[in-house]
Amino acid sequence: MTGLAVVGLVLAWGPARAQSCPPMPKPTYGLQLDHGSPVYRNDRSRAEVSRLAGPGLPGHSQQGLTHSETEFSLTITVNAAVLESGRTCVALGEARGVWRLSKLEVDIVREHPPGTCPHAVIRAHEDQHVAMAQRMFIRHAGTIRARLGQLVAQSRPSITALAPAQATQVLRDQLMEGLKTTLAAFERDLARANAAIDTPQNYKAETAKCPRWE
């Protein structure tokens, strides 16, 4: 999930030469992280958790589920100078991203209450998914920060007939488009890591840890 925020800050210079931009401050950027914390719940039935999980492995009933969501928001400012031609020179001033692990929710089906062997086994398995989501979040934060810095460094002042607010929107859209592949890589890599432990072999080994599963 991706959230977007835009703030346009216009710094007015006096009229410049008809088709040239005055010197603009070098753009800056930053990335803030919000790791969040896992929330555990034991109030949903196996049927409810199965519906949330979607198609599972054939022959295996859903006992637990870890659901993670991320959000990336971007706030930018622009510097602008009105030219003699009536056009405006706009330049990126600052780009501030916020990368959040906005949801990390763990379900253990209510058929297995705390204190039972199955509950402990399910919790241990889901905690592996939690740890993977948190590790992957940190790993990809570095990639996102680097990509945002690259895009900001590549940004150049441009002359436009658009109003500053519209020009800000265009700059924001360009940055988000440049980040799209980098942001999507998190979901892809996390799905691959989760699939590596959600296998029939692992499920069989974990089921064997308890004498009874009701």
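Residues numbered from 1 in each chain as written. Predicted model: local features only at pLDDT ≥ 70, side-chain atom pairs only at ≥ 80, totals over all residues. Heavy atoms only, no water.

Engineer: So what about the overall build of the protein? Which residues, and what values?
Structural biologist: Looking only at helices and strands, the protein features four helices and five strands. For the protein, the α and β elements follow one another from N to C terminus as β-β-α-β-β-α-β-α-α. Per-residue burial over the protein gives 39% buried out of 214 residues. With an accessible surface of roughly 11600 Å², the protein has 55% of that area assigned to carbon and sulfur atoms. (Helix = DSSP H or I, 4+ residues; strand = E, 2+ residues; numbered from the N terminus. Buried < 20%, exposed > 50% of the residue type's maximum accessible area, 1.4 Å probe, protein only. Areas by Shrake-Rupley, 256 points an atom, 1.4 Å probe, with all protein chains shown as cover.)

Engineer: Outline helix 3 (residues 164-197), supporting the account with residue identities and numerical values.
Structural biologist: The periodicity of an α-helix, 3.6 residues per turn, causes residues three or four positions apart to be oriented the same way. In this model, helix 3 (34 residues) spans 50 Å end to end at C-alpha, consistent with the 50 Å of a helix rising 1.5 Å per residue. The sharpest bend along helix 3 reaches about 40° and sits at Lys-180. (Expected span 1.5 Å × (residues − 1). Bend = angle between axes of the 7 residues up to and from the residue.)

Engineer: Give me the lowdown on the pattern of salt bridges, citing residues and values where you can.
Structural biologist: Close approach of charged atoms lets side chains of opposite charge pair. Scanning the model with the defined rule gives 14 salt bridges in all. Residues Asp-173 and Arg-172 are paired through a salt bridge, measuring 2.6 Å at the closest nitrogen-oxygen approach. For Asp-173, a relative accessible area of 37% corresponds to the partly exposed category. Residues joined in a network through salt bridges with shared partners are Arg-41, Asp-43, Arg-44, Glu-105 and Asp-107. (Salt bridge = Lys/Arg side-chain N within 4 Å of Asp/Glu carboxyl O.)

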